[in-house]
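# Understanding the architecture of this molecule
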Amino acid sequence: MAGGSMAPTPLLKDELDIVIPTIRNLDFLEMWRPFFQPYHLIIVQDGDPSKIIKVPEGFDYELYNRNDINRILGPKASCISFKDSACRCFGYMVSKKKYIYTIDDDCFVAKDPSGKDINALEQHIKNLLCPSTPHFFNTLYDPYREGADFVRGYPFSMREGAPTAVSHGLWLNIPDYDAPTQLVKPRERNTRYVDAVMTIPKGTLFPMCGMNLAFDRELIGPAMYFGLMGDGQPIGRYDDMWAGWCTKVICDHLGLGIKTGLPYIWHSKASNPFVNLKKEYKGIYWQEEIIPFFQSATLPKDCTSVQQCYIELSKQVKDKLSKVDPYFTKLADAMVTWIEAWDELNPTTEGLAKLSISNGPANL
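Cut-offs applied
Residues numbered from 1 in each chain as written. Predicted model: local features only at pLDDT ≥ 70, side-chain atom pairs only at ≥ 80, totals over all residues. Heavy atoms only, no water. UniProt positions renumbered as here; feature names shortened; annotations may be inferred. Helix = DSSP H or I, 4+ residues; strand = E, 2+ residues; numbered from the N terminus. Buried < 20%, exposed > 50% of the residue type's maximum accessible area, 1.4 Å probe, protein only. Pairing = 2+ DSSP bridges. pLDDT = per-residue confidence, 0-100. Contact = heavy atoms within 4.5 Å. Polar contact = N/O pair within 3.5 Å; in protein donor to acceptor, adjacent residues only side chain to side chain. Salt bridge = Lys/Arg side-chain N within 4 Å of Asp/Glu carboxyl O. Expected span 1.5 Å × (residues − 1). Axes fitted to C-alpha atoms, helices over the stretch in contact; angles between N-to-C directions. Parallel < 35°, antiparallel > 145°, perpendicular 65-115°, else oblique. Left-handed = near helix turned anticlockwise from the far one by under 90°. Nonpolar A, V, L, I, M, F, W, Y, C, P; charged D, E, K, R; others polar.

## Here's the deal with the UniProt feature "glycosylation site" (unreviewed entry) in the protein chain
Per the UniProt entry, the sites bearing "glycosylation site" (unreviewed entry) are R152 in this numbering. Locating R152 in the fold gives a position in the loop between α4 (120-129) and β6 (164-173). Under the relative-accessibility criterion, R152 is labelled exposed at 85%.

The following block contains the structure:
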């Protein structure tokens, strides 16, 4: 271009919100400024709502604390966790954008093997804008990436792929381990950069980590409920995994894809393994029954929206998991409350239809 070049417009600049849960000043955003500044931020402040959270100048953001959550949701605010990063899902609910990227405040910009800063957000967007291949595994991983394709033997009838609902990124430095593994391997760091993106096959569950995650809010948003964790609850650190298990079952039912792999962020800080063990220990036992539940969960054909699928899943949680612990009865009720709150803040024809399911035919 004559007379110099213009900076390219960031991908999906007006179609994506960045959601950040926090209890502290967001100095980490300075490192992300070249990549995040063009986008709108939704900051969900956890803990004491009277504390002032400082955000670096120049960012476009809205900030919600617990008082705001109570004001906006009223009695339904009970479904949003307190004193736990699971509160981030409130940001998903109030967003009006098509896409969400969520990141933790101890996640810094990583470098690729050449030493170049990784624009994690850009890679997530590329993942979401390309199809997934949940029904047939491609041994060259993501066939839609530059330099890759479908390998010999891949059915031509399946090469269109499926819409991508979720992009699950990874982490260099501090790995996302559970407390027992942290205690056994306190000095272990992840230094392996694997240049790959792959679709998680249909019928396969995975442990979703919420610290570097993007999703298509219009395709799967109502399923991204991070459960009841933290203050007053018997379990913590299973918020993102609960959302991931629910989301995977629903994506499989609706024919949507989930990708994992690139991009990497630099996870800077290891949380206290003894504190983590207190939060996790019930979940470590419970998941031996939770996982088989999700592996065998099926949804009726007449569940054609995410909301319908999620309400059906909540019924199965109450029916099958309440015998594990009364907590799951409470969680199943909160799942219903979450959908009701989502539809109130995001009224659509689909949402109105969902709300009328228990009251007979909708008058639309």
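## A closer look at the pairing of strand β4 (residues 99-103)
Within β4, 5 of the 5 residues are buried, leaving the element largely enclosed by the surrounding structure. Because side chains alternate across β4, one face comprises the buried residues Y99, Y101 and I103, and the other comprises I100 and T102, equally buried. Here 4 bridges tie strand β1 (residues 16-22) to β4, and the two strands are oriented parallel to one another. The partner of L16 across the bridge, within β4, is Y99. Alignment of β4 against strand β8 (residues 212-216), held across 5 bridges, turns out to be antiparallel. Looking across to β8, one finds that I103 is bridged to N212.

## Remarks on the confidence of the model for the protein chain
Detailed reading of the predicted coordinates is not advisable wherever pLDDT is low. Taken as a whole, the protein chain shows an average pLDDT of 94; of its residues, 94% reach a score of 70 or greater. Every residue in residues 349-364 scores below 50 in pLDDT, and together they form 18 contacts with partners more than four places removed in sequence or on other chains.

## A closer look at the UniProt feature "site: Required for activity" (unreviewed entry) in the protein chain
Listed under "site: Required for activity" (unreviewed entry) in the UniProt record, and renumbered for this structure, are R152 and R159. Here R159 is to be found in the loop between α4 and β6. Discounting chain neighbours no more than four positions away, the residues touching R159 are Y144, F150, V151 and Y154. A polar side-chain atom of R159 sits 2.9 Å from the main-chain carbonyl oxygen of Y154.

## Some words on the pattern of salt bridges
A full pass over the atoms with the stated rule returns 16 salt bridges. In this structure, the salt-bridge partner of E188 is K185, at a minimum N-O distance of 3.7 Å. According to the relative accessible area criterion, E188 is partly exposed, its value standing at 29%. Judged by relative accessible area, which is 39%, K185 ranks as partly exposed.

## With respect to helix α9 (residues 306-321)
In a regular helix each residue adds 1.5 Å, so 16 residues correspond to 22 Å; α9 covers 21 Å between its end C-alpha atoms and thus fits that length. α9 sits mainly inside the fold: 12 of its 16 residues count as buried. All buried positions along α9 are accounted for by V306, Q307, Q308, C309, Y310, I311, E312, L313, S314, Q316, V317 and L321.

## A short note on the packing of helix α7 (residues 239-254) against helix α8 (residues 273-296)
In helix packing, the relevant descriptors are the interaxial angle and the interaxial distance, both defined with respect to the helix axes. Close contact between α7 and α8 brings their axes to 9 Å; oriented N to C, the two are set at 20°. In terms of their interaxial angle, α7 and α8 are classed as roughly parallel. α7 and α8 meet at a crossing whose hand is right-handed. Note on element contacts: α8 touches α7 through I290, I291 and F294, opposite W242, W245, C246 and V249. In terms of residue class, the contact of α7 with α8 is built from 7 nonpolar, no polar and no charged.

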